[in-house]
Amino acid sequence: GMLDEVRVAMQTGSPAYRKYARLRLKEAAIAMPPEALGRAVSEERDPAVLEAVGAALATKASNAQKPELLQPLLSRASQDADPGLRAAAVRALQGSPSVEFMAKNGDVVTYEQLVRDSAPEVRQAVVENLVTESAGIYFGHNPELAEAAVKVATATDDPALARRLLGEVSMEAASPEVVR
């Protein structure tokens, strides 16, 4: 029933109600079976709902310290035919330790790969996630995130995205090699 509530909120709700429904789903996700969340991520066709369900799955993975739970979300981010759904899957990772979790999943899907996506909304979501993760999770104190940001900035063909990454992601924890 909670997915139905989120769907209604995303389609017809006010911004405040959409935010409330997303938050409520993320809180409920901690007690939900991960298989149900993974299935919902794999089957969802509405980008706003996918983003909400994906964020709930990312919350579950973070809370349980089980990065493997993100596999359905990472698959959608890298393989879905619909660019809007790929972007939603990437945005769903925002606010989680996504760089760390991607590495723990064997770097099968990375932001460096995703920033090469043909869809501008996917590339923009990658940059937004890294900027948010640097500021909101690690507060500029994570060398792996700084290194990922440099790799993504180097991989993108868009100088504005590279400029934003290198200007807004803290490099204070980056190694001298990465900075070079």
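Let me begin by describing the structure that accompanies this report. Note that this is a predicted model, so its numbers are computed, not measured.

### Regarding the pattern of salt bridges
All chains considered together, the criterion is met by 13 salt bridges. Ionic pairing is found between Asp-80 and Arg-76, a salt bridge with its closest N-O pair at 2.7 Å. Overall, Asp-80 belongs to the buried group, its relative accessible area being 11%. Arg-86 is the partner of Asp-117 in a salt bridge, and the nearest nitrogen-oxygen pair spans 2.8 Å. Taken together, the residues span a long stretch of sequence, with Asp-117 in the loop between α8 (111-114) and α9 (120-136) and Arg-86 in helix α6 (residues 83-92) at a distance of 31 residues. The same class applies to Asp-117 as to Arg-86, namely buried. If you follow the salt bridges from partner to partner, you end up with Arg-22, Glu-51 and Arg-91 in one network.

### Describing the environment of Ala-56
With respect to the helices, strands and loops of the structure, Ala-56 is situated in helix α4 (residues 47-64). When the C-alpha positions of Ala-56 and Gly-38 are compared, they lie 9.9 Å apart, and in sequence the two are 18 residues distant. Dropping the residues within four chain positions of it, Ala-56 is found in contact with Leu-25, Lys-26, Ala-29 and Leu-37.

### What about the nonpolar core?
Membership of the largest hydrophobic core comes to 54 residues, with the highest contact counts inside it found for Tyr-111 and Leu-130. With eight residues, the single largest contributor to this core is α4. Leaving out residues up to four positions away in the same chain, Tyr-111 has contacts with Val-90, Leu-93, Ser-98, Val-99, Met-102, Val-126, Asn-129, Leu-130, Glu-133 and Val-152.

Here is what the cut-offs are and how they apply
Residues numbered from 1 in each chain as written. Predicted model: local features only at pLDDT ≥ 70, side-chain atom pairs only at ≥ 80, totals over all residues. Heavy atoms only, no water. Salt bridge = Lys/Arg side-chain N within 4 Å of Asp/Glu carboxyl O. Buried < 20%, exposed > 50% of the residue type's maximum accessible area, 1.4 Å probe, protein only. Helix = DSSP H or I, 4+ residues; strand = E, 2+ residues; numbered from the N terminus. Contact = heavy atoms within 4.5 Å. Core = buried A, V, L, I, M, F, W, Y, C linked by side-chain atoms within 4.5 Å.

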